[in-house]
Amino acid sequence: MSLSRTMLKASKGACEIFRRRQFQPNLVILSTRTIYERDYRRPGQAPDTRWPWQKIRFDFAKGLEGISKHFGLLKDEIVGHWVGPEGRPMLEHILEQSRVLWEFRGPESLRQWVVSSDREIGGRSETYLKMGRNNSTCMLYGTLCSVPPRDGETIYSGYCTLRSKQYLASFDRKKHLDLSSFNTLHLRIRGDGRPWMINISTESYFSHQKNDIYSYFMYTRGGPYWQDVRIPFSKFFLSSRGRIQDQQHVLWLDKVNTIAFTLGDKVDGPFQLEVDFIAVCIDNAHTEEFAYEQYKRNPEV
Amino acid sequence: MTMKVTRLFLRGCTISILKLAFKPKVFPCTFVPSPDSGFCYYNPRWLHCGSAFCKNKSDSEELQKIVENEPQKNDRSLVTHDDLFERTSKDSKTKASFNKVVEVFSKKDIRRRGHVEFIYAALKKMPEFGVERDIAVYNKLLDVFPKDVFVPQNFIQKMFNHYPRQQECGVQLLEQMENYGIMPNVETKVLLVQIFGKKSHPMRKYQRIMYWFPKFRNANPFPVPRELPKDPVDLAHFSLTRIANDLDATVTVYQHPLTDITETGEEISQPHIVGIQSPEQRALLAKHNPNRPVFVEGPFPLWLRKTCVHYYLLRAEPVPPEEKLEEELDPELVGPEQSLFYPQLLSLDLNRDLGDDDSFDIDEVEEGPVYAMCMTGGGDQATLAHWICRLQETNPILGRVPTFFRLEAGSGELQTAAGVQYNPGQNPQAGPEMEHITEQEAARSQGMKQ
């Protein structure tokens, strides 16, 4: 292993110029993460040494547009506060037992979602998103290919993801979903028999927790019929950078940022997933708080 | 005490003399290195041979030959171990040859020099030899690690990462097991304790696997067996019952696969046709308006672990709202002459409180009903027409309903299968055109059929 690494280092110098041209930063924006946060940097890619202000596009028209957009949002927020929490009447807020978070009715509903695949890290999977047959569902389709990129460091590859965009309030502040009054995630989907994973990312205080993700599996039956999937939030387990953590923690639902579907079952081939809606509800029969052990193990690990 | 002595022996650089004196001696300690494995009893064995080894000396001369063919140690080639695998398995890549290579390596040198590289090479070669899902092979590979050498002896060693490369290698081996979904067994644990000690990183990895694997083993509500049936008819039966999700539905084999040679010498092969239809679907089809066509659509993919099968549907367009009939309840159940105290039909949901409302505020997706499903060996129109013909026996209405075929060429491609954009209301310029073409084709085939 170590020998092969030295070989790579030797050959790296030769194709340095090629690499730099190929992986120009911000040539193709594959996800919004490239805009708001520091992106994943591929092995061998030169770091982005530009100053922060060099990344901003100063434009008068853009500024005017931003002012109208952000002050409009601010006005909506202020007016919404008079109506009730989250802009809805108080009674509705207290009595609601189920809430539809996302439904796909019309092409503009696809704008709240980001599609990405292992193209980001140099893989060969393809993912596309479009409206379903009668314009009332979202169809995620593509091809999965789990051949790892030949950059000498990456050993696993092959994923496709559909992720909801971060909600933004006025002046690009993060807006979080407060789902703490619900305990179950309800989805109506139609897949092709492949197992998917549902990832929920929440807002955290410390920056080293920014990669924390709560996930659980979603198994599809396949076939022409719609499938209602109910997943209690208590079953979601904590993982960070793709590794399940030893110290588990229950998913706190008061600041949910995004929800994502991931396929990575190492089976090369086409896939499809149709999503009708994503909702949360209260399942009164479900009393479990957390599905994984919380007691201290003896001997403590 | 004995263990410490051996460690001294091994650590010393002037081993050459000691080794000669040491090698023929069978070390007589039946040592149990950890209290964890107290329930296991070890036979006297070589110092670095674990319990997983079975020492049969059957093909010793053959082994000897391979060892002699082994490149010299001062050969600084990068691919030594890969090469060893390649050369031993020129004829057949089987579990036996894999095991032989591992045995050769571990008998070659008592110090197991270069074992980390060897294990990495072996891990990479495992899928080629078809042993990537074999726990015994993994244990055997783990056994290549020398025992007791990497176990931290004092608190400083424990504090720091003791023998990090070896530990990484052990973790990588366990991770490969994890990726292939193999659960380690007690033997793995004993080996890990012997090699790395009780609180090493590979041991932690083992503990994690043993915690999470049983948790998610039965998480799938629609399990697929690892070994799918080989017979296509059985496979079709399994997949159709899986996607139909209806216990009342009956699977019918309309045509068995057959390959026959006629007297003229032509080879006739008829593909299998297996269909499924539930009584509900039959009742729905009987109520279908005969003026509106039904469609045979497909192929649609269905994944069963690593295999993809395709199925076809018999379905209709969604019923337009003006044609929808209100379902009338049986007047005997809801008529005015019902007793107030003993009603025949009572629609109360007793699990719900008064304020409870579990429904979601969404519009239902309008889709046409599915009347039947089938899987077939050949996706051509003639085969599917045969299926429709056979369906007519139980559904006589199909004789009066025009049937159109909307089949996509190239049954493997999903994008074409999913790419039928038929939106009667939404995009009038693209939709009907395509529809027209397919319908023309279908009408032609219909004519051919009749």
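Residues numbered from 1 in each chain as written. Chains lettered and ligands numbered in written order. Predicted model: local features only at pLDDT ≥ 70, side-chain atom pairs only at ≥ 80, totals over all residues. Heavy atoms only, no water.

So, about the sheet that holds strand E11 (residues 243-244) of chain A. Residues and elements named next belong to chain A. Spatially, E2-E5-E12-E7-E8-E10-E11 is the arrangement adopted by the seven strands of the open sheet, whose pairing is antiparallel. Each edge of the sheet is formed by a strand with only one pairing partner; in this case those strands are strand E2 (113-117) and E11. Here two bridges tie strand E10 (residues 237-240) to E11, and the two strands are oriented antiparallel to one another. Paired with Ser-239 across the strands is Ile-244, a residue of E11. (Pairing = 2+ DSSP bridges. Helix = DSSP H or I, 4+ residues; strand = E, 2+ residues; numbered from the N terminus.)

It is worth spelling out the pattern of salt bridges at this point. Residue and element names in this part refer to chain A. Tallied over the full model, the rule gives 37 salt bridges over all chains. Arg-194 is paired through a salt bridge with Asp-265; the nearest N and O atoms lie 3.3 Å apart. Of this pair, Arg-194 sits in the loop between strand E6 (184-190) and strand E7 (195-202) while Asp-265 sits in the loop between strand E12 (256-263) and strand E13 (269-281), placing them 71 residues apart in sequence. Asp-265 carries the same exposure label as Arg-194, and that label is buried. (Salt bridge = Lys/Arg side-chain N within 4 Å of Asp/Glu carboxyl O. Buried < 20%, exposed > 50% of the residue type's maximum accessible area, 1.4 Å probe, protein only.)

Before going further, it helps to examine the interface of chain B and chain A. Listed per partner, the contact involves 58 residues of chain B and 62 residues of chain A. For the pairing of chain B and chain A, the buried interface totals around 5000 Å² over both sides, and the portion due to carbon and sulfur atoms is 52%. Inspection of the region where chain B meets chain A yields six salt bridges. A salt bridge links A:Asp246 to B:Arg208, with the shortest nitrogen-to-oxygen separation between them at 2.7 Å. Where chain B touches chain A, the interface holds 18 residue pairs in polar contact (both at pLDDT 80 or more). Elements with a minimum of two residues in the side of chain B that touches chain A: helix H6 (115-129), helix H9 (164-179), helix H11 (201-216), helix H12 (232-244), strand E5 (294-304), strand E6 (307-316), strand E7 (370-376) and helix H16 (414-418) of chain B. In terms of residue count, the dominant contributor to the side of chain B that touches chain A is H11(B) (eight residues). Of the residues contributing to the side of chain B that touches chain A, the split by class is 24 nonpolar, 14 polar and 20 charged. (Contact = heavy atoms within 4.5 Å. Buried area = accessible area lost by both parts, 1.4 Å probe. Polar contact = N/O pair within 3.5 Å; in protein donor to acceptor, adjacent residues only side chain to side chain. Nonpolar A, V, L, I, M, F, W, Y, C, P; charged D, E, K, R; others polar.)

Attention now moves to the sheet that holds E6(B). Residue and element names in this part refer to chain B. Strand order in the open sheet formed by six strands is E1-E4-E7-E6-E5-E8, with mixed pairing between adjacent strands. In this open sheet, the two edge strands, each paired with only one partner strand, are strand E1 (250-255) and strand E8 (403-407). Ignoring which end each strand starts from, the neighbouring axes of this sheet average 30° apart. Judged from the nine bridges that link them, E5 and E6 form a sheet pairing that is antiparallel. Counterpart to Glu-297 in the pairing with E6 is Leu-313. (Axes fitted to C-alpha atoms, helices over the stretch in contact; angles between N-to-C directions.)

The next subject is the packing of helix H7 (residues 135-142) of chain B against helix H10 (residues 186-196) of chain B. Packed helix pairs are characterised by how far apart their axes lie and by the angle those axes make with each other. Residues and elements named next belong to chain B. Packing of H7 against H10 leaves a shortest axis separation of 10 Å and a crossing angle of 10°. Here H10 runs roughly parallel to H7, going by the angle between their axes. Contacts between H7 and H10 pair Ile-135, Asn-139 and Leu-142 from the former with Glu-187, Thr-188, Leu-191, Leu-192 and Ile-195 from the latter. Partitioned by chemical class, the residues of the contact of H7 with H10 number five nonpolar, two polar and one charged. (Parallel < 35°, antiparallel > 145°, perpendicular 65-115°, else oblique.)

Here we come to the side chain of A:Asp118. All names here are of chain A. With respect to the helices, strands and loops of the structure, Asp-118 is situated in the loop between E2 and strand E3 (126-131). It turns out Asp-118 is buried and unbridged, and the closest side chain with the opposite charge, Arg-119, is 6.0 Å from it. Polar side-chain contacts of Asp-118 include one of 3.0 Å to the backbone nitrogen of Ser-125. Excluding its chain neighbours within four sequence positions, the residues that come into contact with Asp-118 are Gly-123, Arg-124, Ser-125, Cys-145, Ser-157, Gly-158 and Tyr-159. (Lys, Arg positive; Asp, Glu negative; His and termini not counted.)

Residues and elements named next belong to chain A. Burial analysis of E12 places eight of its eight residues in the buried class, which makes it a mostly covered element. Sheet analysis places strand E5 (residues 160-164) next to E12, joined by four bridges and oriented antiparallel. Paired with Cys-160 across the bridge in E12 is Leu-263.

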